[in-house]
Amino acid sequence: MKIGFIEPVYKDSLTAFNRHIKAVFKKRRKYLPVWNNPDLGILTVAALVPGNLQIKYIHLLMDEIDYSERFDIIALGGMTGRADDIYSIAQRFKQKGNYIVMGGIHASVLPDEAKEYVDTVIVGEAEEIFPRFIEDYSNNRPKPYYYSKREVDISKSPIPRFDLIEAKYQNYPIQTTRGCPHNCNFCSTTRIYGKKYRHKQVEQVIEEIKFLKSLKANPFIIFVDDNMFVNKSFSYDLIEKLIPLDIKWQALTDASIGKDKELLNLMHKAGCKELFIGFESMTPGNIFNINEFHWKSRQVKNYQAAVKNIQDNGMRVFGAFILGFDKDTKEDFRSIEDFVIKNKILGQFAILTPLPGTELYDEFKKSGRILKNKSWKYYTFLDCVITHPNFTADKLEKEVSELWRVTYSQEHFARVLSRLIEAYKKTHQKIDQ
Ligand code: SF4
């Protein structure tokens, strides 16, 4: 039996369909971040396939699809923004008699929609249900839906099939935890993985990294957890054991990490180069209700000190910001710009996007605020798919493009570099003393 796993990413790691962003990206191409890594979800699911079956991994950033190639099963999955393309790939393969299975975030939140295009939908985490699907398929009785009924124990997840990756990627993903307790209304993490924070065993993560390193020389690792350092004792234990591995890495987390100077210092020693932090907004009142107990809005006052502590420990900060909360005005966007410039950080600027499966989506759908003429392909986070009290879609797209224009420039990169040099001197002084 032969299974084709297809990763349907955009050909460009940053894609938008509106003229404002397109114009900026065209001029700023050499400065833009490149998110070029294989999909960990697919590599993990591939590891659940019995060893006697043949697997081919097709990553659309690197490979073309050959529709004449014969597979028994085509396995697809991906984010909402890719759903239109996933469905057309599914249909082309289906017409040729292949069996199509789809999982991942979009299929998990809209399984009935996905089922219109594929034969089987995997809903939720795959670890326990994908092997059941394979067994049923082998016995000629695959079901239309497989539901993961509980949060899986990721300490039992297999080592992802990094050996399937042939192409050269810039970054390599490793996951150590799933879930996030903060439940932000625009984020699908809590809906998919739950509020309960689960982690792998430290030794399990170390084995994954060692396996990856045995295949790729000096891989730059992205810890793709949604929020990596929520469990402090696990974090300390893991980071200490990363030190001897001599790796370079980036992690995704929230701003509260900035308070823990001891952990920051340890992370620097363990090879952390950059922290990707969801700041969202600089105006606490505009994000007051995005999660329970107003957790995120209460963090804003600490942002500047957090950035300073991270940078002083020799790591870069890459901030994620969202434009388009209901109370947002032009002034709020200038506050984001000022923060990025003054603190010499890099950033990513997105338009508030109600992803299906989130509370935000339910709320916007109920109030008729989702633009009906925008299909899933516009859910790029750079194209506006909502109505806003203060901006038209075109104006919001223009505002976002302005932030990308200002901060992805030679002038701003010089600022970021100067801060890095300053931090480098400081951290090396500490080592010399
Ligand atoms: S803190 Fe980050 S990962 Fe957690 S729910 Fe909010 S946006 Fe999602």
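Residues numbered from 1 in each chain as written. Predicted model: local features only at pLDDT ≥ 70, side-chain atom pairs only at ≥ 80, totals over all residues.

J.: Which parts of the structure should I look at to understand helix α9 (residues 232–242)?
T.: Owing to its 3.6 residues per turn, the α-helix aligns residues three or four sequence positions apart on the same side. Listed in full, the buried residues belonging to α9 are S235, L238, I239 and L242. Projected down its long axis, α9 carries its buried residues within an arc of 95°, all on one side. Those residues of α9 that are buried lie in contact with α8 (202–215) and α10 (261–269). (Buried ≥ 20, exposed ≤ 12 C-beta atoms within 10 Å, placed from the backbone. Helix = DSSP H or I, 4+ residues; strand = E, 2+ residues; numbered from the N terminus. Arc of directions from axis to C-beta. Contact = placed C-beta atoms within 7 Å.)

J.: Where do I start with the site of the ligand in this structure?
T.: In the vicinity of the ligand, the contacting residues are C180, H182, N183, C184, C187, T189, T190, D226, N227, D254 and G278. Partitioning the shell around the ligand into residue classes produces three nonpolar, six polar and two charged. (Near = placed C-beta within 6 Å. Nonpolar A, V, L, I, M, F, W, Y, C, P; charged D, E, K, R; others polar.)

J.: Looking at this model, I keep getting lost on helix α14 (residues 359–366). Mind explaining?
T.: Within the sequence span of α14, burial applies to L360, Y361 and F364. The buried residues of α14 occupy one face: seen down the axis, they fall within an arc of 100°. Exposed side chains of α14 directed beyond 90 degrees from the buried face belong to E363 and K366. Trailing α14 by a residue or two, G368 shows a phi angle of about 65°, which is positive.

J.: Would you take a moment to explain the sheet that holds strand β4 (residues 99–103) for this structure?
T.: Within a sheet, adjacent strands bond to each other through the backbone by hydrogen bonds, running parallel or antiparallel. Within the open sheet, the six strands sit side by side as β2-β1-β3-β4-β5-β6. Their pairing is parallel. Both outer strands of the open sheet, β2 (54–59) and β6 (145–147), are each paired with one neighbouring strand and no more. Each strand of the sheet is rotated relative to its neighbour by a mean of 20°, with strand direction disregarded. In this structure, strand β1 (residues 2–7) lies alongside β2, joined through six bridges in parallel fashion. Bridge assignment links F5 to a residue of β2, and that residue is Y57. Sheet strands touched by helix α3 (residues 83–95): β1, β3 (73–77) and β4. Its angle to β4, the strand with the most contacts, is close to 160°. (Pairing = 2+ DSSP bridges. Axes fitted to C-alpha atoms, helices over the stretch in contact; angles between N-to-C directions.)

J.: Would you mind going over unusual backbone geometry with me for this structure?
T.: For residues other than glycine, phi is negative in most cases, and the peptide bonds are mostly trans. With a phi close to 55°, K344 is a non-glycine residue in the positive phi region. Despite not being glycine, F381 shows a phi value in the positive range, around 75°. Inspection of the secondary structure puts F381 in the loop between α14 and α15 (393–407).

J.: I keep staring at the environment of E240 and nothing clicks. Help me out?
T.: One can find E240 in helix α9. Accessibility expressed as a C-beta count within 10 Å gives 13 for E240, which makes it partly exposed. Each C-alpha atom of the pair E240 and D63 lies 37 Å from the other, and the pair is 177 residues apart in sequence.

J.: Help me understand the nonpolar core in this model?
T.: Note that soluble globular proteins tend to have their nonpolar side chains buried in a common cluster. By size, the foremost hydrophobic cluster in this structure holds 109 residues, and its most contacted members are L76, A90, M102, I122, L275, L323 and V400. Sequence-distant contacts of A90, that is, excluding residues within four places in its chain, are made with L76, I100, M102, Y117 and V118. (Core = buried A, V, L, I, M, F, W, Y, C linked by C-beta atoms within 7 Å.)

J.: What's the story with the sheet that holds strand β12 (residues 272–280) in this structure? I'm lost.
T.: With parallel pairing, six strands are arranged side by side in an open sheet as β7-β10-β11-β12-β13-β14. Across the chains shown, the open sheet's two edge strands, defined by having one partner strand only, are β7 (172–174) and β14 (346–351). Neighbour to neighbour, the strand axes of the sheet diverge by 20° on average, direction disregarded. In the sheet, β7 pairs with strand β10 (residues 220–223) via three bridges, with the strands oriented parallel. Paired with I174 across the bridge in β10 is F223.

J.: What am I meant to see in the pairing of β3 here?
T.: The two faces of the sheet receive side chains in turn, since in a regular strand these alternate between them. Burial of β3 is extensive: five of the five residues sit out of reach of the surface. Every second residue of β3 is oriented toward a common face, with I73, A75 and G77 on one face and I74 and L76 on the other, all of them buried. Looking at chain direction, β1 and β3 are connected through four bridges and run parallel. Bridge assignment links I3 to a residue of β3, and that residue is I73. Sheet analysis places β3 next to β4, joined by five bridges and oriented parallel.

J.: What should I look at first to understand the domain arrangement of the protein chain in this one?
T.: Many analyses report the size of an interface as the accessible area lost when the parts associate. Domain boundaries assigned for the protein chain yield domain 1 (2–147) and domain 2 (171–432). Counting from both sides, the interface comprises 23 residues of domain 1 and, opposite them, 30 residues of domain 2. Breaking the side of domain 1 that touches domain 2 down by element, the ones donating at least two residues are α1 (19–28), α3 and α4 (105–109). Per-element accounting of the side of domain 1 that touches domain 2 gives the leading share, four residues, to α1. Its residues assigned to classes, the side of domain 1 that touches domain 2 comprises 13 nonpolar, eight polar and two charged. (Domains from an automatic or database assignment.)

J.: Any chance you could explain the packing of α9 against α10 here in plain terms?
T.: Viewed as axis vectors pointing N to C, α9 and α10 meet at an angle of 25°, and their least axial separation amounts to 9 Å. Relative to α10, the element α9 is oriented roughly parallel. α10 is crossed by α9, and the crossing has left-handed handedness. Across from S235, Y236, I239 and E240 in α9, the residues of α10 making contact are L263, L266 and M267. Among the residues making up the contact of α9 with α10, the classes are represented as five nonpolar, one polar and one charged. (Parallel < 35°, antiparallel > 145°, perpendicular 65-115°, else oblique. Left-handed = near helix turned anticlockwise from the far one by under 90°.)

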